[in-house]
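# Coordinate inspection notes
Take a look at the letters that make up each chain.
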Amino acid sequence: MTEMIKKIEVSSIEKTDSQVIITTIQNLPDGFELYAQKRAWKVDYLVENTEILAPNVVAINYGQNMSQFLGRGIFDLFAIDESESRYNFVDVNYLSKTPVERYHDMGKSGNNPFDYQLYSRTDGRLAIIVDPKVQTDTNRLAIKYDATIEKIFERGNKIVVVTQFKLQEWSFNYDNLSFEPAMFVLRAPDQSVIKPVTERIDETHWQSTYDKASFGEFGQWAFGMIVRRQDNREFYLQIRGTTREEYQLQQDIGAKTWYKSSLTGIILDKQFMSNRAFILRARPRTQLESPKVRMNLKIAKLITAMKRNDSEPVPKRLVFEREAWFAQDNAFSLFTAAINESRGDDLLYVINPDSPAFERAKEIGGDKVIAQYSVRYFLELMAAKELVTSIFPLELLSLYKTSGALVDKIRHTPVYYLGHGVLALKRMGVDYRRSSKLFDRVVVGATFDYEAHKHLGFKSQNLRKIGYPRWDTFKNLPANKERKILFFPTWRGWVDKLNDSEFVTSEYFQKIQELMQSKQLQEFLESENAVFEVFLHPNMRRFTPLLMDGTANDNIRVLNPDEVSIAQLENESDLIISDYSSVVWDFAVQKKPVIFYQFDRKQYQTMVNGYFDLTELPVGSVAEDVEGVLNALQHYFDAGISMTESEAEWVEANFYGLSGSATAILDDLLSVETPEKITTRDDSYVAYEAAWKK
């Protein structure tokens, strides 16, 4: 029988410069300790920065490091007494408070870059929300306002925005409020704000001028308004609406929807997010913006509009990998198996013709391989009946596009997701949840992978316990004359968008260099006749030359990602050193040893975290510094570079489809002639879309 949770009634909440002071009606229980549970993870954390000010008063010192609040999310507050009874904190006055009064801004804290707010939930319970301020203020304070981006245009090296904004209601005197248009960065930890030169046109309209360079090289920028009260409390409110003309421009295939930045190679792209919020995205210019590709798109659009029977393709299944650039992951392994087994006549493999893997793919697939951004590519995309991929589906079009007619086509097409890596060491964001409505049939590789996808909202009908096609390609190779150690540090969301000068000063670069330049590592490699091969994650591959510059040892090699594939390295290497990458499980299924080099575990837990306790993993050894890595290497080489018997048994018990996965997936994939969306979009999306298209 579950023990009933007790409650502590809160009579008042006060905020100072460094504390939130919670006063309760009854005294706090004996042996009181304050905890927070991250709702999405169901994990409890001790709130260390507390102070008992009186028998019925506790303060949270938010000015100190609150790193126990890991990443973004909602943390429910509760107490545990010396008898281990649990108490919820309940604000008895929450019904009399406005939504704004229920929130107490605690600012930022420690190495967590997001804002903290203590608030009273709709049931009165206290919780702390950790999120960018613009997200909290816009989505949770229930401030009602009308807002639209009425015009946006360029003027030399400036972007000019005409904004309409009006509060519908406010509990304070409207005359005592000030308004300031701004741009807020989204989905980034730095929470940057750009304040423009602004001219007020009338009571509800502003014209703002921004320097193009202020948007930087990367970033998704939301249009917004800073509303400031007389007590200097600020509210960041996002403006999500724009004109019908702007929306229709986004839907016009081949239309120019971007401005050239004053920074070389960068554009400012007007886009809608999946929730239809209107943004300005700073990003590198890609092939999709080139005149040739735009012409191919227009030709395909014209052919489709003419509906010529000899030009209309029969709907096919399009198979592709990351950025439609690679041929080394589950998607290409499945496509190769289909060719070898003479199955899947409706499978086409999409790859960029500039990719180093393009010719190899053509040799295997012939005319069933199509060049990304060709006229044929656009025709097949517009007619496709299913997408088969090992990566986020929108990468079939572009890593950077979130809106437009082709994006909508991808979003409405059934997706058979082959999996990119077994979920364990990285918690996935909203884009990979079932609620994204992108994924229909989903392959999982292990028992814990299955449970992680259930946590992401997927139903049993969505999931396929089959295993990965690329595992079929692993072969028992003869022992190398020289032992090969693969060092594969995965990417970091707070590193991958740095410029070169910022990258070489980052902890990520410094720690990799420290290991590569270790004299003890070099002596170990020479004594063991081993080589140490460094291979960066695809998201980090542009930094490879910077690592090469610091290498001057025959036993340590920084590999060029254009000359070797990760699949080849997984097969040829004897041992892997990684951190949080799912590549480690590809070594585990081969019964090869794994070393986890987690030099930034605290920050990773704060920003990302995993489904396992990162310090107690079921296979391999965990190290936090170079010495720990070297000790683990010596241990495995002394043991014959093999996994322990108990680890091997765990792998056998927990992984699906250690052989024959590709054939099993083809059976499942091709069993449905005309796939349908299982995760369909809800009525509100359809209604919104229809309203714009009238």
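For the structure, see preceding data.
The structure contained in this document is the topic of the report that follows. Computed from a predicted structure; not experimentally measured.

Each value, and the rule that gives it
- Residues numbered from 1 in each chain as written.
- Predicted model: local features only at pLDDT ≥ 70, side-chain atom pairs only at ≥ 80, totals over all residues.
- Heavy atoms only, no water.
- Helix = DSSP H or I, 4+ residues; strand = E, 2+ residues; numbered from the N terminus.
- Rg over C-alpha atoms; globule rule 2.2 N^0.38 Å.
- Buried < 20%, exposed > 50% of the residue type's maximum accessible area, 1.4 Å probe, protein only.
- Contact = heavy atoms within 4.5 Å.
- Lys, Arg positive; Asp, Glu negative; His and termini not counted.
- Charge placed at Lys NZ, Arg CZ, Asp CG, Glu CD.
- Pairing = 2+ DSSP bridges.
- Axes fitted to C-alpha atoms, helices over the stretch in contact; angles between N-to-C directions.
- Parallel < 35°, antiparallel > 145°, perpendicular 65-115°, else oblique.
- Nonpolar A, V, L, I, M, F, W, Y, C, P; charged D, E, K, R; others polar.
- Right-handed = clockwise from strand over helix to strand, strands pointing away.
- Salt bridge = Lys/Arg side-chain N within 4 Å of Asp/Glu carboxyl O.
- Core = buried A, V, L, I, M, F, W, Y, C linked by side-chain atoms within 4.5 Å.
- Arc of directions from axis to C-beta.

## Describing the overall build of the protein
Summing up its helical and strand segments, the protein has 19 helices and 35 strands in all. Relative to its length of 694 residues, the protein is compact, with a C-alpha radius of gyration of 27 Å against a globular reference of 26 Å. Dimensions of the protein, computed from the C-alpha atoms along their principal axes, are close to 75 × 70 × 55 Å. For the protein, buried positions account for 57% of its 694 residues. Partitioning the contacts of the protein with sequence separation of at least 6, the portion at a separation of at least 24 is 70%. The distance from the centre of the 84 positive side-chain charges to the centre of the 97 negative ones in the protein is 7 Å.

## Remarks on the sheet that holds strand β24 (residues 347-351)
Pairing in this open sheet of seven strands is parallel, and the strands run β25-β24-β23-β26-β27-β28-β29 from one edge to the other. Whereas interior strands pair on both sides, the edge strands pair on one side only; in this sheet they are β25 (369-371) and β29 (463-465). With strand direction ignored, the average angle separating the axes of adjacent strands in the sheet is 25 degrees. Direction of pairing for strand β27 (residues 415-417) relative to strand β28 (residues 441-444): parallel, over a ladder of two bridges. The residue of β28 that forms the bridge with Y416 is R441. This element, helix α5 (residues 358-365), spans β24 and β25 of the sheet and lies at about 145 degrees to β25.

## What to know about the packing of helix α6 (residues 375-383) against helix α7 (residues 405-412)
Viewed as axis vectors pointing N to C, α6 and α7 meet at an angle of 45 degrees, and their least axial separation amounts to 9 Å. As judged from the angle between their axes, α6 and α7 are oblique. Here F378, L381, M382 and A383 of α6 lie close against α7, whose contacting residues are L406, K409 and I410. For the contact of α6 with α7, a count of residues per class yields six nonpolar, no polar and one charged.

## A look at the environment of G421
Along the chain, the position of G421 falls in the loop between β27 and β28. When its relative accessible area of 11% is taken as the criterion, G421 is described as buried. The sequence separation of G421 and Q251 amounts to 170 residues, and the corresponding C-alpha distance is 33 Å. With near-sequence residues (within four places) excluded, G421 lies in contact with Y468, R470 and S582.

## Quick word on unusual backbone geometry
In this model, Y373 sits at a positive phi of 75 degrees, which is unusual for a non-glycine residue. Mapped onto the elements, Y373 comes out in the loop between β25 and α6. Its identity as a non-glycine residue notwithstanding, K437 has a phi of 65 degrees, on the positive side. Tracing the sequence through the fold places K437 in the loop between β27 and β28.

## Quick notes on the pairing of β24
Summarising burial for β24: five of the five residues are buried, a large majority. Residue alternation in β24 divides its side chains into two sets, L347, Y349 and I351 and L348 and V350, and both sets are buried. With three bridges joining them, strand β23 (residues 317-320) and β24 adopt parallel strand pairing. When the bridges of β24 are listed, V319 appears paired with Y349. Since β23 and β24 lie parallel, the crossover through helix α4 (residues 330-340) that links them has a hand, and here it is right-handed. Judged from the three bridges that link them, β24 and β25 form a sheet pairing that is parallel. Bridge pairing in β25 places I351 opposite A371. For the crossover from β24 across α5 to β25, the handedness is right-handed.

## Details of the pattern of salt bridges
Considering all chains together, one arrives at 39 salt bridges under this definition. A salt bridge links E624 to R601; the nearest nitrogen and oxygen atoms lie 2.7 Å apart. On the criterion of sequence distance, the pair formed by E624 in the loop between β35 (621-623) and α16 (626-638) and R601 in helix α15 (residues 601-607) is long-range, its members being 23 residues apart. With relative accessibility at 13%, the residue R601 sits in the buried group. A network of salt bridges, in which partner residues are shared, links R317, D346, K385, E386, R441 and E673.

## Some details on the sheet that holds strand β30 (residues 483-487)
Spatially, the six strands line up as an open sheet ordered β32-β31-β30-β33-β34-β35, and their pairing is parallel. Each edge of the open sheet is held by one strand with a lone partner, namely β32 (556-558) and β35. Taking each pair of neighbouring strands and ignoring which way they run, the sheet shows an average axis angle of 20 degrees. Across three bridges, strand β33 (residues 575-578) lies against strand β34 (residues 594-597) in parallel orientation. Pairing of I576 across the sheet is with V594, part of β34.

## Here's the deal with the nonpolar core
In this structure, I485, F532, I577, W585, L633 and F655 are the most contacted members of the largest nonpolar core, which totals 96 residues. In this view, L633 contacts I485, L521, F524, L575, I577 and I595; residues no more than four positions away in its chain are not counted. If you look at the next biggest cluster of nonpolar residues, it comprises 42 residues, including Y417, L423, M428 and F439.

## Notes on α5
Here α5 has its buried residues at F358, A361 and G365. Buried residues in α5, looked at end-on, bunch into an arc of 65 degrees, giving them a common side. More than 90 degrees from the buried face of α5, the exposed residues found are E359 and E363. Along its buried surface, α5 packs onto α4, β24 and β25. Just past α5, the residue G366 takes up positive phi, approximately 60 degrees.

## Side note on the packing of helix α11 (residues 519-528) against α16
Relative orientation of the contacting elements α11 and α16 amounts to 10 degrees, with a least axis distance of 11 Å. Considered as vectors, α11 and α16 are oriented roughly parallel to each other. In contact with Q520, L521, F524 and E528 of α11, α16 contributes L630, L633, Q634 and F637. Of the residues contributing to the contact of α11 with α16, the split by class is five nonpolar, two polar and one charged.

Fair warning: the whole summary comes from geometry, so function is off the table for now.
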